[in-house]
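The chain contents come next:
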Amino acid sequence: MPHNPYSRLFAIPGATAFTLGNLVARLPMGMFSVSAVIMISGARGSYALAGAVTATGLAATAVVAPWTARLVDRHGQARVAVPATLVAALGSLSLVLCMRYGAPDWTLFASYAATATTPNTGGMSRARWAHLLQGDARAVHTANSFEQAADELCFMLGPVLAAFLCGTFFPQAGTLIGVVLLVTGVLVFAAQRATEPPPHDRRDPTDTSAATKSLLRARGMPALLIGFLATGAVFGSLEVVTIAYADGQGHKAAAGVVLALQAAGSCAAGLVYGAAKPRGSLGRRHVLCAAAMAAVMALPLLAVASTGSLIVLSVALLCAGMATAPTMVTAMTLVQRRTPEGRLNEGMTLAVTGLLGGIACGAACGGWAVEHLGTAAGYGVPAAAACCALLLSSAQACATSTRARLRRRRPAPPHVSSAV
């Protein structure tokens, strides 16, 4: 086996094939919302309508995605992901047709809500790695780091590609190309049956253990999901505040490049973190990564407060992005550890749902701060959200450590010798 940890991953038969299909399917995740905003605002002349439609899709995804992931765990990735993707593709095509023929506004909401059945392709890929690498914690750490870097890359390239397609060809081009990429990628991914984890639908109906109860009641999961909410708020507020700040400096077109630097820093840090050998307990690593994220999120605020230079801000965001990927990697690994066997897709989809909810809340808070406190003060929102994530991870680590000490101190049951 090669010594490079990433080469060792892709030396596994079938790993390269399912990864390529998954990357193609994941790229449109960063395209659809941008394409919808450009398409709707251009045709209807209302950014408010465009924002409301995309927000409706996000809310529908928060409700439908965990249900779709539960079906994936029970019946298998290929059997559920393919029809769910086709339904989502029809929703996107319906949105294009409604725009093309001037349908009423309510049809836009209904069409975009139908895209909520899109399966969590990143979660399915992580589930495959967990299935293939059972018992190898080092390799799972590397695989999770690679998947986080892939997420950052897709969300960095997706909006740029969508804006290019919509601006160069026609407003519907971004959505149409996104549909083609999504369907093609999921079909290629689902065709790799040799690496697909087996479904887990054989359960005793009288069983009330962790394998059947709600994941929201699993030990440690509520705190983890709230932590994902806080981390999502970092991303959402950072995006809105950066766009507003660049606009205020007269360089709104440069906002995409500035945000791409933040994503590039996160992508690079994720790959480096995955190649390193993990040290210490997972909970301790999560606290340290969250502390690093809270520290570097102060850099953008310091950059705009002290210099007001967009170039200095870009460097600060590049540095700030380097702490987000390790935090996400350790958090996703904790989700894997605390999710009962056979429900991994559901657990990771709940984490992504929390992240999306945090992005929406962070965007709203960042917009309010920019409007009422100014663009420079708006960078206090991602810094505050990162501090909340640190407090949550620290409290969770303390609770876990306390439970472990109590278990060690608990006296063993007295030994009773049998009578002869």
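Everything below is about the structure printed above this text.
Not measured: the values here are computed from a predicted model.

A. Just the overall build of the protein, in detail. When helices and strands are counted, the protein shows 18 helices and zero strands. Each principal axis of the C-alpha atoms in the protein carries an extent, and together these give about 90 × 50 × 45 Å. In the protein, buried positions account for 48% of the 420 residues. Counting contacts in the protein only where the partners sit at least 6 residues apart, residues at least 24 apart contribute 83% of the total. Of the roughly 19,300 Å² of accessible surface on the protein, a fraction of 67% belongs to carbon and sulfur atoms. Averaged over its 30 positive side-chain charges, the protein has a centre that lies 10 Å from the centre of its 15 negative ones.

B. Quick peek at the nonpolar core. Counting residues in hydrophobic clusters, the biggest one holds 43 residues, and the most contacted among them are Phe-228, Met-297, Leu-313, Val-335 and Tyr-379. For this core, the secondary structure elements donating two or more residues are helix H10 (221-248), helix H11 (255-275), helix H12 (282-296), helix H14 (310-321), helix H15 (324-338), helix H16 (344-373) and helix H18 (380-409). Top element by residues in this core is H10. It accounts for twelve residues. Excluding residues that lie within four positions of it along the chain, Met-297 makes contacts with Val-234, Leu-238, Ala-320, Thr-324, Pro-382, Ala-383 and Ala-386. Among the nonpolar cores identified, the runner-up in size contains 36 residues, and Val-53, Ala-89, Met-99 and Phe-146 belong to it.

C. View of the side chain of Thr-117. Residue placement: Thr-117 occurs in the loop between helix H6 (105-114) and helix H7 (121-132). We classify Thr-117 as buried; its relative accessible area is 17%. Among the polar contacts listed, one links the side chain of Thr-117 to the backbone oxygen of Ala-84, at a separation of 2.9 Å. Residues contacting Thr-117, with those up to four places away along its chain left out, are Val-64, Thr-68, Ala-84, Val-87 and Ala-88.

D. Summary view of the packing of aromatic side chains. Under the definition given, this model contains seven aromatic pairs. Aromatic side chains Tyr-6 and Phe-146 sit 6.5 Å apart centroid to centroid with 55° between the ring planes, which places their arrangement in the tilted category. Residue Tyr-6 is found in helix H1 (residues 5-10), and its partner Phe-146 is found in helix H8 (residues 137-168); the two are separated by 140 residues along the sequence. Of the two residues, Tyr-6 and Phe-146, both sit in the buried class. Taking 6.2 Å as the distance between ring centres and 70° as the angle between the ring planes, the aromatic pair formed by Tyr-245 and Tyr-379 counts as edge-to-face. With a gap of 134 residues between them, Tyr-245 in helix H10 and Tyr-379 in the loop between helix H17 (375-378) and H18 connect regions that are remote in the sequence. In this structure, Tyr-245 and Tyr-379 share a single accessibility class: buried. An aromatic cluster is defined as three or more aromatic residues linked by ring pairs; in this entry it consists of Tyr-6, Phe-10, Phe-18, Trp-129, Phe-146 and Phe-189. Its end group placed over the ring of Phe-18, Arg-128 keeps NZ or CZ at 5.6 Å from the ring centre. Above the face of the Phe-189 ring, Arg-128 is positioned so that its terminal group lies 4.1 Å from the ring centre.

E. Spotlight on a nonpolar patch on the surface. A grouping of Leu-90, Leu-93, Phe-164, Phe-169, Phe-170 and Leu-176 is seen on the molecular surface, where their side chains present a nonpolar patch of about 580 Å² in accessible area. Relative to the elements of secondary structure, Phe-169 occurs in the loop between H8 and helix H9 (173-191).

F. Representation of the packing of H11 against H14. Put simply, H11 and H14 touch, their axes get as near as 6 Å, and they point 25° apart. Taken together, the axis directions place H11 and H14 in an arrangement best described as roughly parallel. Here H11 and H14 pass one another in a crossing that is right-handed. Where H11 approaches H14, its residues Val-258, Leu-261, Gln-262, Gly-265 and Ser-266 are matched on the opposing element by Leu-310, Ser-314, Leu-317, Leu-318 and Gly-321. Tallied by class, residues from the contact of H11 with H14 come to five nonpolar, five polar and no charged.

G. Spatial organisation of the environment of Glu-239. Along the chain, Glu-239 falls in helix H10. Judged by its relative accessible area of 42%, Glu-239 falls in the partly exposed class. Considered as a pair, Glu-239 and Ala-255 are 16 residues apart in the sequence and their alpha carbons are 8.7 Å apart.

H. Highlighting the environment of Met-322. Tracing the backbone shows Met-322 in the loop between H14 and H15. Considered as a pair, Met-322 and Gly-270 are 52 residues apart in the sequence and their alpha carbons are 7.7 Å apart. With near-sequence residues (within four places) excluded, Met-322 lies in contact with Gly-265, Ser-266 and Ala-269.

I. Examining the packing of H15 against H16 more closely. Contact geometry of H15 with H16 gives a least axis separation of 9 Å together with a crossing angle of 140°. Of the possible angle classes, the one that applies to H15 and H16 is oblique. H16 is crossed by H15, and the crossing has right-handed handedness. Residues Met-328, Met-332, Val-335 and Gln-336 of H15 touch H16, and the partners they reach there are Leu-344, Gly-347, Met-348, Ala-351, Val-352 and Leu-355. The class makeup of the residues in the contact of H15 with H16 is eight nonpolar, two polar and no charged.

J. The arrangement of the pattern of salt bridges in detail. Taken as a whole and judged by the stated rule, the model has six salt bridges. Residues Arg-26 and Asp-151 are paired through a salt bridge, measuring 2.7 Å at the closest nitrogen-oxygen approach. Pair noted here: Arg-26 is in helix H2 (residues 15-26) and Asp-151 is in helix H8, with a separation of 125 residues, a long-range link. Side by side, Arg-26 and Asp-151 carry an identical accessibility label, which is buried. Residues joined in a network through salt bridges with shared partners are Arg-26, Arg-126, Glu-147 and Asp-151.

Calculation notes
- Residues numbered from 1 in each chain as written.
- Predicted model: local features only at pLDDT ≥ 70, side-chain atom pairs only at ≥ 80, totals over all residues.
- Heavy atoms only, no water.
- Helix = DSSP H or I, 4+ residues; strand = E, 2+ residues; numbered from the N terminus.
- Buried < 20%, exposed > 50% of the residue type's maximum accessible area, 1.4 Å probe, protein only.
- Contact = heavy atoms within 4.5 Å.
- Areas by Shrake-Rupley, 256 points an atom, 1.4 Å probe, with all protein chains shown as cover.
- Lys, Arg positive; Asp, Glu negative; His and termini not counted.
- Charge placed at Lys NZ, Arg CZ, Asp CG, Glu CD.
- Core = buried A, V, L, I, M, F, W, Y, C linked by side-chain atoms within 4.5 Å.
- Polar contact = N/O pair within 3.5 Å; in protein donor to acceptor, adjacent residues only side chain to side chain.
- Phe/Tyr/Trp six-rings, centres within 6.5 Å; stacked < 30°, edge-to-face > 60°.
- Lys NZ or Arg CZ within 6 Å of the ring centre and 35° of its normal.
- Patch = residues over 30% accessible without salt bridge, like charges linked within 9 Å, V, L, I, M, F, W, Y side chains within 5 Å.
- Salt bridge = Lys/Arg side-chain N within 4 Å of Asp/Glu carboxyl O.
- Axes fitted to C-alpha atoms, helices over the stretch in contact; angles between N-to-C directions.
- Parallel < 35°, antiparallel > 145°, perpendicular 65-115°, else oblique.
- Left-handed = near helix turned anticlockwise from the far one by under 90°.
- Nonpolar A, V, L, I, M, F, W, Y, C, P; charged D, E, K, R; others polar.

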